[in-house]
Amino acid sequence: MIVSSFQAASPGGIGLHRPLVEPGFDLFDPGDPRHFVISHHQAHALGALGLSGCGDAAVLVCDLGGSTTCGGQDFFLTFDAFQRELAALESHVELRTECLSIYESDGVSLTLAEREFCVPHNAPDVFVQNVASLYDNVARMVFGKEHAHGQLMALASMDPLPRGSTSLRLTDIVSITAEGEVQFRNDWQIHVSRREDVLGHAALARAVQRALEDVLLQYARRARAWTTSSTLAVSGGVFLNIPANSRIAASGLFDTYYVPSAPHDSGIAIGCAFAGWRAAGGTWRGRNHRSTDRLGPVYPPSVVDEVLRAHAHLVSAADECSLSEIAALLEAGHIIARWSGRSEFGPRALGGRSLLASPLSAHTKSRLNAIKGRQEWRPVAPIVQRERVGEFFDGPTCSPYMNFVHVILPEHREHLPALSHPDASTRVQTLERSDDRDLYELLGEFGTLTGYPVLVNTSLNGPGQPIVETAADAFEFFRTSTDVDAVWIGGRLVRRSSKPSWLGTRLAHDVIISIIHPGGTKRIFLLRRGAALEISIACLDAIERLTAREQVEPTSDGTADDVSQELVEAVRYGMLVPAT
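Please read all numbers here as calculations on a predicted model, not as lab measurements.

Notes on the overall build of the chain
In terms of regular secondary structure, the chain is built from 16 helices and 27 strands. What you see for the chain is a C-alpha radius of gyration of 27 Å, in line with the 25 Å of a compact globule of 580 residues. Scored against the burial criterion, the 580 residues of the chain give a buried share of 51%. Taking contacts inside the chain between residues at least 6 apart in sequence as the whole, the part at least 24 apart equals 72%. Positive and negative side-chain charges in the chain, numbering 52 and 67 respectively, have mean positions lying 1 Å apart.

A short note on the nonpolar core
By size, the foremost hydrophobic cluster in this structure holds 58 residues, and its most contacted members are Leu355, Phe393, Phe475, Leu567 and Leu576. Ranked by size, the runner-up nonpolar core spans 53 residues in total, among them Cys62, Phe143, Val182 and Phe404.

Focus: the sheet that holds strand S16 (residues 393-394)
What the three strands build is an open sheet, ordered S16-S17-S18; its pairing is antiparallel. Looking at the sheet topology across the chains shown, the edges are occupied by S16 and strand S18 (425-426). In this structure, strand S17 (residues 406-408) lies alongside S18, joined through two bridges in antiparallel fashion. Following the sheet pairing, valine 407 is matched in S18 by serine 425.

Thoughts on the sheet that holds strand S26 (residues 531-535)
Taken in spatial order, the three strands of this open sheet run S24-S25-S26, and their pairing is antiparallel. For this open sheet the edge positions go to strand S24 (512-516) and S26, each flanked by a neighbour on one side alone. Strand-to-strand twist of the sheet, defined as the mean angle between neighbouring strand axes without regard to direction, takes the value 25°. Pairing of strand S25 (residues 523-528) with S26, which is carried by five bridges, proceeds in the antiparallel orientation. Bridge assignment links leucine 526 to a residue of S26, and that residue is leucine 533. This element, helix H15 (residues 537-547), spans S24, S25 and S26 of the sheet and lies at about 110° to S26.

Quick notes on the packing of aromatic side chains
Scanning all chains against the criterion turns up 11 aromatic pairs. Consider the rings of phenylalanine 36 and phenylalanine 76, whose centres lie 5.0 Å apart with planes at 5°: the pair is stacked. Placement of phenylalanine 36 in strand S2 (residues 35-38) and of phenylalanine 76 in strand S5 (residues 76-78) is noted, with a sequence separation of 40 residues between them. Residue class for phenylalanine 36 comes out buried when judged on its relative accessible area of 19%. Classification of phenylalanine 76 by relative accessible area gives partly exposed; the value is 30%. Aromatic pair phenylalanine 475 and phenylalanine 478: ring centres 5.6 Å apart, planes at 80°, arrangement edge-to-face. In this pair, phenylalanine 475 and phenylalanine 478 are both assigned in helix H14 (residues 471-480), three residues apart and thus about one turn of the helix distant. Pairwise contacts between aromatic rings join Phe6, Phe75, Phe79 and Phe82 into one cluster. Above the plane of the ring of tryptophan 488 lies arginine 338, whose end atom (NZ or CZ) is 4.6 Å from the centre.

Quick notes on the pairing of strand S21 (residues 486-489)
In S21, alternate side chains face the same way, and those of Ala486 and Trp488 on one face and Val487 and Ile489 on the other are all buried. In terms of strand pairing, strand S13 (residues 336-339) meets S21 through four bridges, oriented parallel. Paired with arginine 338 across the two strands is tryptophan 488, which belongs to S21. As paired strands, S21 and strand S22 (residues 492-496) are joined by four bridges and run antiparallel to one another. Pairing of valine 487 across the sheet is with valine 494, part of S22.

Brief notes about helix H7 (residues 242-250)
Buried residues of H7: Ile242, Ala244, Asn245, Ser246 and Ile248, and no others. Against helix H4 (149-155), helix H6 (202-226), strand S10 (231-235) and strand S11 (256-258) lie the buried residues of H7. The opening residue of H7 is asparagine 241, an N-cap whose side-chain oxygen sits 3.1 Å from the backbone nitrogen of alanine 244. Directly beyond the C-terminal end of H7, a positive phi value near 80° is found at glycine 252.

So, the packing of helix H10 (residues 323-331) against helix H13 (residues 437-450)
Interhelical geometry of H10 versus H13 gives an angle of 60° and a closest axis separation of 9 Å. Here H10 is positioned oblique relative to H13, judged by the angle of their axes. In terms of crossing hand, the pair formed by H10 and H13 is right-handed. Across the interface between the two elements, Leu323, Ser324, Ile326, Ala327, Ala328, Leu330 and Glu331 from H10 touch Asp438, Glu441, Leu442, Glu445, Phe446, Leu449 and Thr450 from H13. Counted by class, the contact of H10 with H13 contains eight nonpolar, two polar and four charged residues.

Quick look at the pairing of strand S20 (residues 454-459)
Most of S20 sits out of view: six of its six residues are buried. Sheet analysis places strand S14 (residues 353-357) next to S20, joined by four bridges and oriented antiparallel. Its bridge partner being in S20, leucine 355 is matched across the sheet by threonine 458. As paired elements, strand S15 (residues 382-385) and S20 share three bridges and run antiparallel to each other. The residue bridging valine 384 from the neighbouring strand is valine 454, located in S20.

Here we look at a nonpolar patch on the surface
Together, Leu89, Val93 and Leu95 make up an exposed nonpolar region whose accessible area comes to about 180 Å². With respect to the element layout, leucine 95 can be found in the loop between helix H2 (79-87) and strand S6 (96-106). On the accessibility criterion, leucine 95 (31% relative accessible area) is partly exposed.

Thoughts on the pattern of salt bridges
Counted according to the given criterion, the structure contains 25 salt bridges. Here aspartate 74 and arginine 115 are joined by a salt bridge, their closest N and O atoms 2.8 Å apart. Taken together, the residues aspartate 74 in the loop between strand S4 (68-69) and S5 and arginine 115 in strand S7 (residues 110-117) connect sequence positions 41 residues apart. Among the salt bridges present, the one from aspartate 485 reaches arginine 367, with a minimum N-O distance of 3.1 Å. Of this pair, aspartate 485 sits in the loop between H14 and S21 while arginine 367 sits in helix H11 (residues 362-372), placing them 118 residues apart in sequence. Of the residues examined, aspartate 485 reaches a relative accessible area of 25% and is grouped as partly exposed. Sharing partners across several salt bridges, the network here consists of Arg210, Glu213, Asp214 and Arg247.

About the cut-offs
- Residues numbered from 1 in each chain as written.
- Predicted model: local features only at pLDDT ≥ 70, side-chain atom pairs only at ≥ 80, totals over all residues.
- Heavy atoms only, no water.
- Helix = DSSP H or I, 4+ residues; strand = E, 2+ residues; numbered from the N terminus.
- Rg over C-alpha atoms; globule rule 2.2 N^0.38 Å.
- Buried < 20%, exposed > 50% of the residue type's maximum accessible area, 1.4 Å probe, protein only.
- Contact = heavy atoms within 4.5 Å.
- Lys, Arg positive; Asp, Glu negative; His and termini not counted.
- Charge placed at Lys NZ, Arg CZ, Asp CG, Glu CD.
- Core = buried A, V, L, I, M, F, W, Y, C linked by side-chain atoms within 4.5 Å.
- Pairing = 2+ DSSP bridges.
- Axes fitted to C-alpha atoms, helices over the stretch in contact; angles between N-to-C directions.
- Phe/Tyr/Trp six-rings, centres within 6.5 Å; stacked < 30°, edge-to-face > 60°.
- Lys NZ or Arg CZ within 6 Å of the ring centre and 35° of its normal.
- Polar contact = N/O pair within 3.5 Å; in protein donor to acceptor, adjacent residues only side chain to side chain.
- Parallel < 35°, antiparallel > 145°, perpendicular 65-115°, else oblique.
- Left-handed = near helix turned anticlockwise from the far one by under 90°.
- Nonpolar A, V, L, I, M, F, W, Y, C, P; charged D, E, K, R; others polar.
- Patch = residues over 30% accessible without salt bridge, like charges linked within 9 Å, V, L, I, M, F, W, Y side chains within 5 Å.
- Areas by Shrake-Rupley, 256 points an atom, 1.4 Å probe, with all protein chains shown as cover.
- Salt bridge = Lys/Arg side-chain N within 4 Å of Asp/Glu carboxyl O.

What follows is the structure, encoded as structure tokens:
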């Protein structure tokens with residue numbers, strides 16, 4: 001069985017330049033009778049419920065918008081039947097797009113208890129139609145780009161600048177009636193204008209954050225009223241909001257509050273898988289274990305060997321390194337990229353594809369934010385052994401996916417400067433030995449050295465890049481990110497050679513050579529993947545000869561050493577790669 005979900009396909013909305021199936025698609029026959037299509041919110045709910053391991057639960061789904069249908073109901077159809085329904089809209093009818101759904105599961109069936117729909121509007125980037133559009137619209141206005149929700153969440157915890165104060169009140173944005181009805185207002189946006197300094201919007205971010213939390217807490221109350229279960233599982237993009245998750249969890253409405261590692265639309269794939277499992281006879285009754293999020297491919301050790309052979313000219317060693325040695329490097333301030341095992345499913349790297357660093361140095365935060373291309377004030381997050389989290393942080397003792405807010409205990413704040421934030425908050429990842437034995441034991445070694453079994457953990461990627469997947473991706477990132485000191489790859493610690501060889505290299509195929517003449521002076525730059533390196537004319541000539549596989553010999557004019565050093569830097573920056 002194959003199960004798909006087509007969020008962007010709606011009745012009357014396919015054809016012309018919006019085909020349901022792209023021309024040339026050949027992974028499988030879409031019309032195969034074993035191919036089914038499921039509605040968006042139903043997939044969200046099944047994913048959260050299935051991953052939670054709790055068959056008996058209320059499920060709350062909330063997002064910007066899910067499936068658009070004529071009747072507003074869930075569906076599970078063959079692909080052919082789904083396609084016929086989309087193409088059968090002969091005249092105008094009222095369409096409904098889901099944005100809030102509350103379900104109840106008894107371990108066998110999943111029952112829809114309540115649903116709300118979006119209000120169509122011709123200015124969706126201004127008009128607030130639901131809680132997700134509120135947060136999305138403000139984030140885009142403040143940061144001038146899409147997918148800035150995490151930045152708005154961080155901004156909300158900053159101290160407002162005096163010039164950044166706002167007269168905007170929470171009740172100007174949203175109101176909740178005595179009957180529990182949520183009403184979004186649309187008479188305040190005209191009074192908000194974008195500032196050059198985003199920190200000037202801290203007060204606005206704080207008001208919007210509080211509005212989001214109040215609304216989601218009210219929806220949780222509704223879910224509580226619909227179910228006899230003591231468990232709430234949630235899904236939808238808004239549940240990537242960490243303070244909101246913490247507020248619901250601390251409310252006492254439910255004994256158990258579960259947020260999957262990928263509550264946003266990536267999690268739909270998991271929901272589709274559980275939908276197929278249910279259709280094939282699977283049941284949650286008696287199933288009480290949570291799933292792992294380490295769902296990536298299994299790579300054989302040989303892939304690491306191949307990558308290291310290909311880059312032998314760049315590294316000085318590829319040794320089996322003890323965990324105590326790695327802990328010592330981290331204590332000394334080194335930033336280490338880690339590639340290990342299967343990759344994580346979801347938006348956050350949890351150790352398998354991570355940058356690791358010491359929380360004991362304030363410089364760690366600025367270095368990591370520079371590597372990631374993030375604002376200097378953005379926080380970085382820690383990973384800690386689960387059984388010791390309460391020694392250093394106030395918050396949930398189980399937070400494997402960084403979904404909850406923790407507060408650094410006062411007596412430890414000056415010792416963990418990399419985690420500093422105006423309100424002392426942070427998002428902790430708790431780790432058990434069974435999750436990742438080597439990383440767990442590294443935390444222990446670091447704790448033995450420093451007294452803190454805590455490391456900073458952020459995803460292994462640069463600005464605008466996806467989290468790395470393959471060993472080759474990891475090594476490419478390491479090679480081009482000069483502020484990363486080593487890569488811990490497949491259990492081996494790899495460091496740069498103090499003087500890598502440029503013999504047998506050539507110019508990488510995606511390098512741009514830029515020649516400019518400021519003030520009449522010729523300057524030459526090599527540009528590749530966000531990195532820039534200035535070189536001399538003699539070095540450019542040497543690179544051209546290397547790329548043409550011509551012999552590059554030392555010269556007698558005294559420039560050989562200078563050119564050689566420039567070639568070494570070109571190797572370090574990934575401008576020169578092995579000719580083979």
